[in-house]
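These are the residues of each chain, in order.
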Protein chains: 2
Amino acid sequence: MLPYEHFGYIGAMTDSPNEVTPDRLSQADALPPSDQHAQQYAAVRNAHETELLEDYVELIADLLEHQGEARSTDIAARMGVSQATVSKTVTRLKSLGLVSSKPYRSLFLTEKGEAMAAMSNQRHAIVLQFLRALGVSDRIARIDAEGMEHHVSQETLDIMQRFTREQESRSS
Amino acid sequence: MLPYEHFGYIGAMTDSPNEVTPDRLSQADALPPSDQHAQQYAAVRNAHETELLEDYVELIADLLEHQGEARSTDIAARMGVSQATVSKTVTRLKSLGLVSSKPYRSLFLTEKGEAMAAMSNQRHAIVLQFLRALGVSDRIARIDAEGMEHHVSQETLDIMQRFTREQESRSS
DNA sequence: CCTACAAGTTAACCTTGGCTAAAATACTAG
DNA sequence: CTAGTATTTTAGCCAAGGTTAACTTGTAGG
Ligand SMILES: [Mn+2]
Ligand SMILES: [Mn+2]
Ligand SMILES: [Mn+2]
Ligand SMILES: [Mn+2]
């Protein structure tokens, strides 16, 4: 089931004749202090707590905007999960005060949900545009952005945005 | 408990006077075809299945290299979780054939575990070096890399690596 | 108005990844 | 070699996020 029965190697990076690699590698290899290391993993666990919620409110906002309404069926189809799963997650979104709806009816975002959707959307757009500006193909950029977006700090977002702007002005 | 009682906004991106934004934004806003969209989320779910395993084998490899042995205590401290959690996860790693150990003894990687650790380490290093080359501070780069690494495809990795190399040769 | 089908919910189940508290084992000092 | 401490494991708990199958509700056509 897990796709790890056999491993390939990443690119040709090990045998490329570059002078800077040993220096850089040893720097990357040094273990950070234990507590700082723990904070890295904690940040990741933290992101995992909200990322599904973010994707849901973002998708609901998109559906409301582009489709006029946000039905569970569409969410299930777009997320690639069963309707039962959507139903349960929506219950959670409601209990968190992000979504509102009457039973068997279309979904809406609360103020809080809209705020979250706006933030997530901005962040998602910045990451996606950055990847495209870097030269990543649209298809792959979309896939990578969907996961990366939840793990990019504000500092990095700012830098990505600046990079994208410079890249665009260069090619105009 | 969830950090979403109140929202700020990301930077000052909405009111910045740039000409290219509306064009780009509408492009980002268009919903992709339903099945492609579903594949994006599926890729993320997929990454989530292996990311903890990857972090574990990577950490075990690091500890073996830098400390000589990999004890549960160190893993628990570095991951910022309880020893019980480590014990349970290690059981899973063993059942997947990634780790081997005798009860109450230090941990080792199997061939498969070493292959996974090597892959993960390379990928992690590429992402970290890329973020630093972009201009992200070391501390933040480490945090972001810890999460991003699991959501970066081969195409993007190659581009990141090229960027890092060019950046380095430019500043030499 | 009724009926069939579409859409949404609920129930029962599973795995993962956390936790605390208690038990078992290993290690080290005296 | 034995006691005490450190380490590891186990047991029992929980929430999230997924599944399928069965049930309920909504809606559109005849
Ligand atoms: Mn998103
Ligand atoms: Mn996402
Ligand atoms: Mn890693
Ligand atoms: Mn990681």
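Everything discussed here concerns the structure shown above.
The following paragraphs examine the structure supplied in this document. If you're wondering where the values come from, they're calculated on a predicted model, not measured in any experiment.

Some words on the coordination of the manganese ion (ligand 2)
All names here are of chain A.
- Taken together, the protein donors to the manganese ion (ligand 2) comprise Asp55 (OD), Glu146 (O), Glu146 (OE), Glu149 (OE) and His150 (NE2), at separations of 2.0 to 2.4 Å.
- A separation of 3.4 Å is found between the manganese ion (ligand 2) and the manganese ion (ligand 1), which share Glu149 as a coordinating residue. Judged on exposure class, the residue Glu149 and its partner His150 are both buried.

Points about the coordination of the manganese ion (ligand 4)
Residues and elements named next belong to chain B.
- The protein atoms that coordinate the manganese ion (ligand 4) are Asp55 (OD), Glu146 (O), Glu146 (OE), Glu149 (OE) and His150 (NE2), at distances spanning 2.0 to 2.4 Å.
- When the donor residues of the manganese ion (ligand 4) are listed from N- to C-terminus, their spacing reads D-x90-E-x2-E-H.
- A distance of 3.5 Å spans the gap from the manganese ion (ligand 4) to the manganese ion (ligand 3), which Glu149 bridges by coordinating each metal. Residue Asp55 is located in helix H2 (residues 34-67), and its partner Glu149 is located in the loop between helix H6 (138-148) and helix H7 (154-170); the two are separated by 94 residues in the primary sequence.
- On the basis of relative accessibility, which here comes to 4%, the residue Asp55 falls in the buried class.
- With a relative accessible area of 0%, Glu149 lands in the buried category.

Quick notes on the protein's contact with DNA strand D
- Close to DNA strand D lie 17 residues; A:Thr85, A:Lys88, A:Arg92, B:Thr73 and B:Gln83 are nearest.
- A share of 70% of the atoms of DNA strand D within 4 Å of the protein falls on sugar and phosphate groups.
- For DNA strand D, a base oxygen lies 2.5 Å from a polar atom in the side chain of A:Lys88.
- Between DNA strand D and the protein, one listed contact pairs a phosphate oxygen with a side-chain N or O atom of B:Ser87 at 3.2 Å.
- Here the surface near DNA strand D gets four residues from one element, more than from any other, and that element is helix H4 (residues 83-95) of chain A.
- Of the residues in the surface near DNA strand D, the class split is six nonpolar, six polar and five charged.

Details of the protein's contact with DNA strand C
- Around DNA strand C, 17 residues are found, and the nearest of them are A:Arg71, A:Thr73, B:Thr85, B:Lys88 and B:Arg92.
- In this structure, A:Tyr104 approaches DNA strand C through a main-chain N or O atom, which is 3.5 Å from a sugar or linking oxygen.
- Side-chain polar atom of B:Arg105 to a phosphate oxygen of DNA strand C: 3.4 Å apart, as the coordinates give it.
- Put simply, the parts of the chain that give the surface near DNA strand C at least two residues each are helix H3 (72-79) and H4 of chain A together with helix H4 (83-95) of chain B.
- The element contributing the most residues to the surface near DNA strand C is H4(B), with four residues.
- Class assignment for the residues of the surface near DNA strand C results in six nonpolar, six polar and five charged.

Some points on the interface of chain B and chain A
- Opposite the 88 residues of chain B that make contact, chain A presents 89 residues.
- A buried area of about 8200 Å², summed over both sides, lies between chain B and chain A, and 60% of it is on carbon and sulfur atoms.
- Inspection of the chain B/chain A interface yields zero salt bridges.
- Of all elements in the fold, only helix H1 (21-29), H2, helix H3 (72-79), helix H5 (111-134), H6 and H7 of chain B reach the threshold of two or more residues within the side of chain B that touches chain A.
- The greatest single-element share of the side of chain B that touches chain A, amounting to 23 residues, is contributed by H2(B).
- Partitioned by chemical class, the residues of the side of chain B that touches chain A number 41 nonpolar, 26 polar and 21 charged.

With respect to the pattern of salt bridges
Residues and elements named next belong to chain A.
- Applying the stated criterion to the full structure yields 10 salt bridges over all chains.
- In this structure, Glu69 engages Arg71 in a salt bridge whose closest nitrogen and oxygen atoms are separated by 3.6 Å.
- Residue classification places Arg71 among the partly exposed positions, given a relative accessible area of 33%.
- A salt bridge links Arg142 to Asp138; the nearest nitrogen and oxygen atoms lie 2.9 Å apart. Separated by four residues within a single helix, Arg142 and Asp138 lie in helix H6 (residues 138-148), roughly one turn from each other.
- Among the residues examined, Asp138 registers a relative accessible area of 32% and is labelled partly exposed.
- Each of Glu54, Arg123 and Glu149 takes part in one network of salt bridges that share partners.

Brief notes about the relation of the copies chain B and chain A
- After a rotation of 180 degrees and a shift along the axis of 0.0 Å, chain B superposes on chain A with an RMSD of 0.0 Å. Such a combination of turn and shift is consistent with a two-fold rotation axis. Closest to the rotation axis within chain B is the C-alpha of B:Met148, separated from it by 2.6 Å.
- A high fraction, 99%, of the interface residues of chain B reappear at the interface in chain A, so the copies pair face to face through one surface.

Observations concerning the nonpolar core
- One finds A:Val127, A:Phe130, A:Leu131, B:Val127, B:Phe130 and B:Leu131 to be the most contacted residues of the largest nonpolar core, which totals 32 residues.
- If you list the elements that add at least two residues to this core, you get helix H5 (111-134), H6 and helix H7 (154-170) of chain A together with H5, H6 and H7 of chain B.
- Those residues in contact with A:Val127 that sit more than four places away from it in its chain are A:Ala145, A:Met148, A:Glu149, A:Val152, A:Leu157 and A:Met160.

Here is what the cut-offs are and how they apply
- Residues numbered from 1 in each chain as written.
- Chains lettered and ligands numbered in written order.
- Predicted model: local features only at pLDDT ≥ 70, side-chain atom pairs only at ≥ 80, totals over all residues.
- Heavy atoms only, no water.
- Donors = N, O, S within 2.8 Å, 3.2 Å for Na, K, Ca; no water.
- Buried < 20%, exposed > 50% of the residue type's maximum accessible area, 1.4 Å probe, protein only.
- Helix = DSSP H or I, 4+ residues; strand = E, 2+ residues; numbered from the N terminus.
- Near = heavy atom within 4 Å.
- Polar contact = N/O pair within 3.5 Å; in protein donor to acceptor, adjacent residues only side chain to side chain.
- Nonpolar A, V, L, I, M, F, W, Y, C, P; charged D, E, K, R; others polar.
- Contact = heavy atoms within 4.5 Å.
- Buried area = accessible area lost by both parts, 1.4 Å probe.
- Salt bridge = Lys/Arg side-chain N within 4 Å of Asp/Glu carboxyl O.
- Least-squares fit on C-alpha atoms with pLDDT ≥ 70 in both.
- Core = buried A, V, L, I, M, F, W, Y, C linked by side-chain atoms within 4.5 Å.

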